Amino acid sequence: MNTFRRLGDFDAVLAATALALMLLIPLAEIGLRPLLGSGIDNAPVLVQHLGLLLAMFGALVAERGGHLTSLGGGLAAAGDARWRLAALLFWRASAGLICGMLGQASWTFVASEMAAPQPLAYGIEGWWFQLAMPAGFLLIGSKLAFRMAPAGLWRLLPALLLPLLGWLLAGHFDGETLPLWPFALWLLALLLCGAPIFAVLGGLALALFWSEGQPLASVPLSHYQITVNPSLPALPLFTLAGLIFARTGAAARLGDVFTALFGHGATGTAIAGALLCSCFTALTGGSGVTILALGGLLLPLLTRAGFPEQKGIGLVTSASALGVLLAPSVPLIMFAIIARVPINTMFLAGVLPALVMVAFLLLVGGFLKKGAAAVDLPKPANSVPLATATKKALWEILAPVVAIGSLVSGIATPTESAALTAAYAILTQSLAHRELDWRSLGRTLVDCTQVIGGIMLILGMALGLTNYLIDAGIPDAAIDWAQSILPNRWAFLIALNVFLLIAGALMEIYAAIVVLVPLLLPVAQAYGIDPVHFGVIFLANIEMGFLCPPAGMNLYFASAMFDKPIREVATAVLPAVAAMFLGALTISALPWLATWLPGVLGL
């Protein structure tokens, strides 16, 4: 047990160090270029490969914190104690086995790279970083299997044997052709039992390549390709900036600005709450973070303004999902990477549609209708004047200007823009507000690694699955099938919105982006839909998945935050989901909402 605890400390230090270097190297590049005419040799590639270390060892930190994403708890959270225990043991053993298979496939890939090494810079070989994949998968599998037994030797045996067995199976049957259906049944059972989604996606990718007799190294190759994508380092750096703002008093300061701007009555408080939740989600990168950071602040304001508690919970929970369309949200960046659309274009494309979604939420969702108790009240004695609130929150208000302005202006690359934003957050919260010390910064770095580690593990496994589907010609088949049953663009758009709403309820958002975008984007383009417009439609619908069970994580966060049953929270957000869906249909029907602003700025 002590060995695993020390290992846990080691992976946290390594992942946090990788993240810190990912921040410092782009900043050094920005400073050295004008001074010396050149910066660090091959700096972008070094940062990208540091992202691979962050992904693998951050995933280890995520496992220790229980943050490897799964679709709820399945049978592991239902039924009597015996069923829960059996489901838990089944998925942990299976996940350990799959991680061993992924470790062996990763080693095969790394061994091929070692045979023809590619130097990155300063004599550093690429395979030095790639070794993190087999090591990381084996350690994750061991840690998952380690938790199968309560204590003693019975914990060490599965931790050692299950990943080793997976390694041996993958090595023995690599290149063989195996039937798909036994794997499909096994993985379905895993999904129902609450296994981490990365294990299910990775297992399915392995099974599909096995069914065709193709090399299993294609799966870790896909994981490597996405983690060293030139734009991907922007994800952890923007997330770091958002977590820093979430851990300080930024939320309260921004809350004072919005309430002073829109008033303290029912109407003003509803508008302020919706806009604040949306902007804070864009800034922090997670709607769950927004609920936890702002829920305790906004719900009392809403109830004081006259909203019933359930309606206030519905507004905070649903509005927190709307920031997905606003820069610099992580899903927005992720779509741009997968769809190969410029990130600065997507940043601008989401602005007007986000405002449309907020308007539909407030108007159609009924949050601007005053109930019997919802009357405009006089300004409270402790209210902050707008000028004072703006002065106090000036650094937070300028953060999006730093993020978007540096990117849209062309001054910085996406990674450099994210590094500037993270550095801005650190400096303003530590020096201007004195709310961030070294200890807090260290904790935030570690927390960021576990959030991003879990996400990047999902992305890598999902891309392996997607690459198989593309090689199998599924997008072309989807185009032919869609055009045979959907006669025109409007029928396709309606079907697309309904499908994405369902997909968002069933799939984790990052897996949905990686798996569905490469399949659906060619179909949309066949109907003459611009990729930028498609991206806005996609994200507008997928963000509603945060509010729909079983994958609706906002429901679980709100249930914990407000101490209410999930069923009660789900009932509270039903009018919001209906309103947001009508907003998504409106965005689908009016493509200029997505394309006008980028067009004005020549993007």
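A brief report on the enclosed structure follows. For clarity, every value in this text was computed on a predicted model and none was experimentally measured.

## Topic: the overall build of the protein chain
Move 1: Of regular secondary structure, the protein chain possesses 28 helices and two strands.
Move 2: Taking 2.2 N^0.38 as the reference for a compact globule, 603 residues should give roughly 25 Å; the C-alpha atoms of the protein chain span a radius of gyration of 24 Å, in line with that estimate.
Move 3: Along the first, second and third principal axes, the C-alpha set of the protein chain runs to 75 × 60 × 55 Å.
Move 4: Looking at the protein chain as a whole, 56% of its 603 residues qualify as buried.

## Considerations on the nonpolar core
A general tendency of soluble globular proteins is for nonpolar side chains to be buried together.
Move 1: Ranked by size, the top nonpolar core spans 209 residues in total, and within it I140, F198, L315, M334, L459, F534 and F538 carry the most contacts.
Move 2: Broken down by element, the residue count for this core peaks at 15 residues, all from helix α21 (residues 438–471).
Move 3: Ignoring any residue separated from it by four or fewer positions in sequence, one finds F198 in contact with L68, C99, I140, L144, L457, I458 and M461.

## Let's talk about the packing of helix α14 (residues 309–319) against helix α27 (residues 566–589)
Move 1: Relative to each other, α14 and α27 sit at 60°, their axes nearing to 8 Å. Taken together, the axes of α14 and α27 are oblique relative to one another. For the pair α14 and α27, the crossing hand works out as right-handed. Every residue of α27 that contacts α14 at Q310, I313, G314, T317 and S318 is listed here: E568, V569, T571, A572, V573, A576 and M580.
Move 2: Taken together, the residues of the contact of α14 with α27 break down into six nonpolar, five polar and one charged.

## Re unusual backbone geometry
Glycine aside, residues mostly have negative phi angles, and peptide bonds mostly take the trans form.
Move 1: Following A327, the chain continues to P328 via a peptide bond in cis, the omega torsion being 0°.
Move 2: Position of P328 among the secondary structure elements: in the loop between α14 and α15 (330–339).
Move 3: Residues other than glycine seldom take positive phi values, yet R340 does so here, at roughly 55°.
Move 4: By the element assignment, R340 lies in the loop between α15 and α16 (343–349).

## Digging into the packing of aromatic side chains
Move 1: Summed over the entire model, instances satisfying the criterion amount to 13 aromatic pairs.
Move 2: Their ring planes at 50° and their centres at 6.4 Å tell us that F183 and W186 sit as a pair that is tilted. With a gap of three residues between them, F183 and W186 both fall in helix α7 (residues 181–192), about one helical turn apart. Each member of the pair, F183 as well as W186, is classed as buried.
Move 3: Considering the side-chain rings of F238 and F347, the 6.3 Å spacing of their centres and the 65° angle between planes classify their relative orientation as edge-to-face. With a gap of 109 residues between them, F238 in helix α10 (residues 234–247) and F347 in helix α16 connect regions that are remote in the sequence. Each member of the pair, F238 as well as F347, carries the same accessibility label: buried.

## Brief notes about the environment of P220
Move 1: As for its placement among the helices and strands, P220 is situated in helix α9 (residues 218–227).
Move 2: The residues contacting P220, other than those within four sequence positions of it, are A105, S106, F109 and M133.

## Regarding the pattern of salt bridges
Move 1: Inspection of the entire model under this criterion finds eight salt bridges.
Move 2: We note a salt bridge from R247 to D447, for which the minimum N-O separation is 2.7 Å. Linking R247 in helix α10 with D447 in helix α21, this pair joins segments that are 200 residues apart in sequence.
Move 3: For D447, a relative accessible area of 21% gives the class partly exposed.
Move 4: Close ionic contact of E396 with R253 constitutes a salt bridge, the shortest N to O distance being 2.9 Å. Note that E396 is positioned in helix α19 (residues 394–408) and R253 in helix α11 (residues 250–262), a separation of 143 residues in sequence. For the pair formed by E396 and R253, the shared burial category is buried.
Move 5: Taken together, the shared-partner salt bridges connect D11, E63, R64, K143 and R147 into one network.

Definitions and cut-offs
- Residues numbered from 1 in each chain as written.
- Predicted model: local features only at pLDDT ≥ 70, side-chain atom pairs only at ≥ 80, totals over all residues.
- Heavy atoms only, no water.
- Helix = DSSP H or I, 4+ residues; strand = E, 2+ residues; numbered from the N terminus.
- Rg over C-alpha atoms; globule rule 2.2 N^0.38 Å.
- Buried < 20%, exposed > 50% of the residue type's maximum accessible area, 1.4 Å probe, protein only.
- Core = buried A, V, L, I, M, F, W, Y, C linked by side-chain atoms within 4.5 Å.
- Contact = heavy atoms within 4.5 Å.
- Axes fitted to C-alpha atoms, helices over the stretch in contact; angles between N-to-C directions.
- Parallel < 35°, antiparallel > 145°, perpendicular 65-115°, else oblique.
- Left-handed = near helix turned anticlockwise from the far one by under 90°.
- Nonpolar A, V, L, I, M, F, W, Y, C, P; charged D, E, K, R; others polar.
- Phe/Tyr/Trp six-rings, centres within 6.5 Å; stacked < 30°, edge-to-face > 60°.
- Salt bridge = Lys/Arg side-chain N within 4 Å of Asp/Glu carboxyl O.

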